[in-house]
Amino acid sequence: MTQMKIQPNKFNQGSEPEKEAPDPRQDSALSAEHVTIRYGNTVAVDDVGLAFAANQITAIIGPSGCGKSTFLRAFNRMNDFIPSASLEGAIRFQGIDIYDPAVDPVEVRLRIGMVFQKPNPFPKTIYKNVAWGPQINGFKGDLDELVENSLRSAAIWDEVKDRLHKSALGLSGGQQQRLCIARTLAMQSEVILMDEPCSALDPLSTGRVEDLMLELKQNHTFVIVTHNMQQASRASDYTAFMEAGKLVEFDHTEKMFQNPSNQRTEDYVSGRFG
Amino acid sequence: MNILAQKKSRWLEGGIHGFLFFCAFLSILTTVTIVVSLVWESIPFFFEVAPLDFLLGTTWQPLIVPREYGVLPLVVGTLQIVVGSALVAIPIGVCCAIYLSEYASPRMRKIVKPTLEVLAGIPTIVYGYFALTAITPVLKSIYSGTETYNAASASIVVGIMILPMIASLCDDALRAVPGSLRQGAMALGATRFEALTRVIFPAALSGITASFVLAFSRAVGETMAVSIAAGATPSMSFLPTESIQTMTAFIVQVSMGDTPRGTPEYHAIFAVGMLLFLITLGINMVAHRVLRKYREVYE
Ligand SMILES: Nc1ncnc2c1ncn2[C@@H]1O[C@H](COP(=O)(O)OP(=O)(O)OP(=O)(O)O)[C@@H](O)[C@H]1O
Ligand SMILES: [Mg+2]
């Protein structure tokens, strides 16, 4: 299996996070505590605290511009690349604050993978796109097998198996997105963050991505941002509803969609929004 | 609906189309005219000198009797400048571009980038005297056998001249790579350096190579600085410490002297000019081929 340059003990020390997850019996894989994110002086995420349960799928929903992507990027330190972005509060992964100066952001990203809203395959072959991450991180096993398995998991193997060594940019947008998912799966990270991964996919591929999450959640924790209410209700175990940078409600998906406590949540999930 | 007005705008469209075509045609016409005049003026030269003697001869002595028209020393001189200046400019230029695009703060960029552009705008004659008065003395103090006019000094100064162009164009090429590619690489646990060398640089390769080709052409064509710093001694010795003459420097030497029109040495400048044109064209074509094969196209 993947051999990565991680010292597992690095993340295993430290205090247990205070659990804000709705179901305290679940172990949380990732949690945010009083997280406020600003771009310059503009607050994009306002004092949000929640915990993502391990081996579960959590959906984040909310109107455009409410800070979902910003919040999601905070979990694998992708906001580090936006010079104006700053974060307050703590984000804990297995008890360790990933913003602790002692933590290497590269290690964080190895453990917490991400699929972006817009497909961004490298201008390389399909094979190299998937093999790239494991290769730079010193993968020693059977690369061909890893590539094939990842492509199969992302439901794209049959479409690309005869053109593995052709450019990934020759794929359709939806195929590119599934390739990007395969690329992330090949890293075998514990947590996978997905920012509207299906916004460029047809219903069939969308369904496949959902199946894939359900299949892989034994070994992974998924956090998915989506504008698709059906997707959130179909595929997720928990749902968080954000509005204007604030967390409005966070609960079991069933409850969120059938009997939300907050009127605004109800308006939003039932489409009576704005 | 005013049908007439529509018709008028269609005429206007047609007129604009025609005008733009004329502009494009004009630039092609200019090129063709230059090539034709080069060929036309060099024909008399090849009545006097056999083309093979010209291309393969190793002595260039057109202004003194016995006259000899072997162009190789000029080609060697040009080659020395191109290779020498590339050795100076490519590593520094590329590193400078990487620094600018990947590591420099926006404030730093705001200072460095315009400075580069100013450097690129300095008249070449200034560079020539800079070589003669600043670089050559340093070279002499390092190795006392260095001649006052020497190829090394000229190469270095041409390197300095093309450096801003390489740095600026490579910086543009690197920055043109979509940020989403870098983010994709970083999200896969790459360090900044891995993302740069294994995703961004390959993706920018076509722009980077294009900047090299432009820089080569500029180095091949560079005249003033080389005439001043490297002297006017055609030489096959390949020694950077000695004086050389490049193809362009010869052309300048003859055009500024009192060589009578119609003589073989006068026509020689067109023959040399044509060779220069063919070499530059060759570099461009080879680079184009190589690029098509190796570049990684993004979108
Ligand atoms: N790089 C940035 N610099 C400054 N402001 C930003 C930046 N990125 C996002 N913002 C602002 O932060 C707020 C939240 O943006 P974000 O992208 O997180 O929203 P979102 O919920 O993901 O929206 P969408 O559903 O449209 O993707 C918005 O007001 C946006 O304008
Ligand atoms: Mg978003």
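Up top is the structure these notes are about.
Residues numbered from 1 in each chain as written. Chains lettered and ligands numbered in written order. Predicted model: local features only at pLDDT ≥ 70, side-chain atom pairs only at ≥ 80, totals over all residues. Heavy atoms only, no water.

Asks: Could you clarify how one ought to interpret the overall build of chain A in this entry?
Replies: What chain A contains, in helices and strands, is 11 helices and 10 strands. Residues classed as buried in chain A amount to 57% of the 274 residues present. (Helix = DSSP H or I, 4+ residues; strand = E, 2+ residues; numbered from the N terminus. Buried < 20%, exposed > 50% of the residue type's maximum accessible area, 1.4 Å probe, protein only.)

Asks: Sorry, what's going on with the side chain of Thr70 of chain A here?
Replies: Within the fold, Thr70 of chain A resides in helix H2 (residues 68–74). Here Thr70 of chain A is in contact with Ile37, Tyr39, Ala44, Val45 and Asn79 of chain A, once residues within four sequence places are set aside. (Contact = heavy atoms within 4.5 Å.)

Asks: I would appreciate a short explanation of the pairing of strand E10 (residues 246–252) of chain A in the present structure.
Replies: Regular strands place side chains that alternate from one sheet face to the opposite one. As paired elements, strand E9 (residues 238–243) of chain A and E10 of chain A share 6 bridges and run antiparallel to each other. Among the inter-strand pairings, Glu243 of chain A is bridged to a residue of E10 of chain A, identified as Lys246 of chain A. (Pairing = 2+ DSSP bridges.)

Asks: Explanation requested: the site of ligand 1 in the structure shown.
Replies: All names here are of chain A. Surrounding ligand 1, one finds 13 residues, the nearest of these being Ser64, Lys68, Ser69, Thr70 and His227. Contacts to ligand 1 include Ser64, whose side-chain N or O atom sits 2.5 Å from an oxygen atom. Contacts to ligand 1 include Glu196, whose side-chain N or O atom sits 3.4 Å from an oxygen atom. Alone, ligand 1 offers 630 Å² of accessible surface; in the complex the protein occludes 61% of this. The element that contributes the greatest number of residues to the shell around ligand 1 is H2, accounting for 3 residues. Split into classes, the residues belonging to the shell around ligand 1 amount to 4 nonpolar, 7 polar and 2 charged. (Near = heavy atom within 4 Å. Polar contact = N/O pair within 3.5 Å; in protein donor to acceptor, adjacent residues only side chain to side chain. Areas by Shrake-Rupley, 256 points an atom, 1.4 Å probe, with all protein chains shown as cover. Nonpolar A, V, L, I, M, F, W, Y, C, P; charged D, E, K, R; others polar.)

Asks: What's the story with the sheet that holds strand E7 (residues 191–195) of chain A in this structure? I'm lost.
Replies: Strand pairing in a sheet relies on backbone hydrogen bonds. The paired strands run either parallel or antiparallel. Residues and elements named next belong to chain A. Judged by pairing direction, the sheet is mixed, and its 6 strands sit side by side in the order E6-E7-E8-E3-E9-E10 without closing on themselves. The open sheet has two free edges, formed respectively by strand E6 (112–115) and E10, since each of these has just one partner strand. If you compare each strand with its neighbour and ignore which way they point, the axes differ by 15° on average. Of the pairings in the sheet, the one linking E7 to strand E8 (residues 221–225) comprises 5 bridges and is parallel in character. Bridging from a neighbouring strand, Met194 pairs with Ile224 of E8. Packed onto the sheet, helix H8 (residues 203–216) meets strand E3 (57–61), E7 and E8 and runs at close to 150° relative to E8. (Axes fitted to C-alpha atoms, helices over the stretch in contact; angles between N-to-C directions.)

Asks: For this particular structure, what's the right way to read the nonpolar core?
Replies: Buried together is how nonpolar side chains tend to be arranged in soluble globular proteins. Within the largest apolar cluster, 105 residues are counted, with the highest numbers of intra-cluster contacts made by Leu30, Ile60, Phe71 and Leu193 of chain A together with Phe54 and Trp60 of chain B. The element contributing the most residues to this core is helix H6 (residues 151–176) of chain B, with 13 residues. In this view, Ile60 of chain A contacts Phe52, Lys68, Phe71, Leu72, Val223, Ile224, Val225, Thr226, Ala240 and Met242 of chain A; residues no more than four positions away in its chain are not counted. Grouped together as the second largest cluster of nonpolar side chains are 43 residues, Ile57, Ile126, Ala182 and Ile192 of chain A included. (Core = buried A, V, L, I, M, F, W, Y, C linked by side-chain atoms within 4.5 Å.)

Asks: Help me out: how do you make sense of the packing of aromatic side chains in this one?
Replies: What describes a pair of aromatic rings is the distance from one ring centre to the other and the angle between the planes of the rings. Counted by the stated rule, this structure contains 14 aromatic pairs over all chains. An angle of 55° between the planes, with centres 5.0 Å apart, marks the rings of Phe122 of chain A and Trp132 of chain A as tilted. Of this pair, Phe122 of chain A sits in the loop between E6 and helix H4 (126–136) while Trp132 of chain A sits in helix H4, and the two are 10 residues apart along the sequence. Given a relative accessible area of 5%, Trp132 of chain A falls into the buried group. Ring centres 6.1 Å apart and planes at 50° place the aromatic pair Tyr238 of chain A and Phe250 of chain A in the tilted group. You can see Tyr238 of chain A sitting in strand E9 and its partner Phe250 of chain A sitting in strand E10, a full 12 residues away along the chain. Look at Tyr238 of chain A and you get buried, because its relative accessible area is 3%. An aromatic cluster of three or more residues is present, and its members are Phe45, Phe46, Phe54, Trp60, Tyr69 and Phe250 of chain B. Just above the ring of Phe122 of chain A sits the side chain of Arg183 of chain A; from NZ or CZ to the centre is 4.4 Å. (Phe/Tyr/Trp six-rings, centres within 6.5 Å; stacked < 30°, edge-to-face > 60°. Lys NZ or Arg CZ within 6 Å of the ring centre and 35° of its normal.)

Asks: Even after reading the chapter, I still don't get the environment of Met165 of chain B, so can you show me in this structure?
Replies: Residue and element names in this part refer to chain B. Looking at the secondary structure, you find Met165 in helix H6. Residue Met165 is classed as buried on the basis of its relative accessible area of 19%. Here the alpha-carbon distance between Met165 and Ser144, two residues 21 residues apart in the chain, equals 32 Å.

Asks: Would you mind going over helix H3 (residues 72–103) of chain B with me for this structure?
Replies: For an α-helix the count is 3.6 residues per turn, leaving residues at separations of three or four pointing the same way. Here H3 of chain B contains 32 residues, and its C-alpha end-to-end distance of 44 Å stays within 8% of the 46 Å for a straight helix at 1.5 Å per residue. At Ala86 of chain B, H3 of chain B is bent by approximately 30°, the largest bend along its length. (Expected span 1.5 Å × (residues − 1). Bend = angle between axes of the 7 residues up to and from the residue.)

Asks: For this particular structure, what's the right way to read the environment of Phe241 of chain A?
Replies: One can find Phe241 of chain A in strand E9. A C-alpha to C-alpha distance of 22 Å links Phe241 of chain A and Lys118 of chain A, two positions 123 residues apart in sequence.

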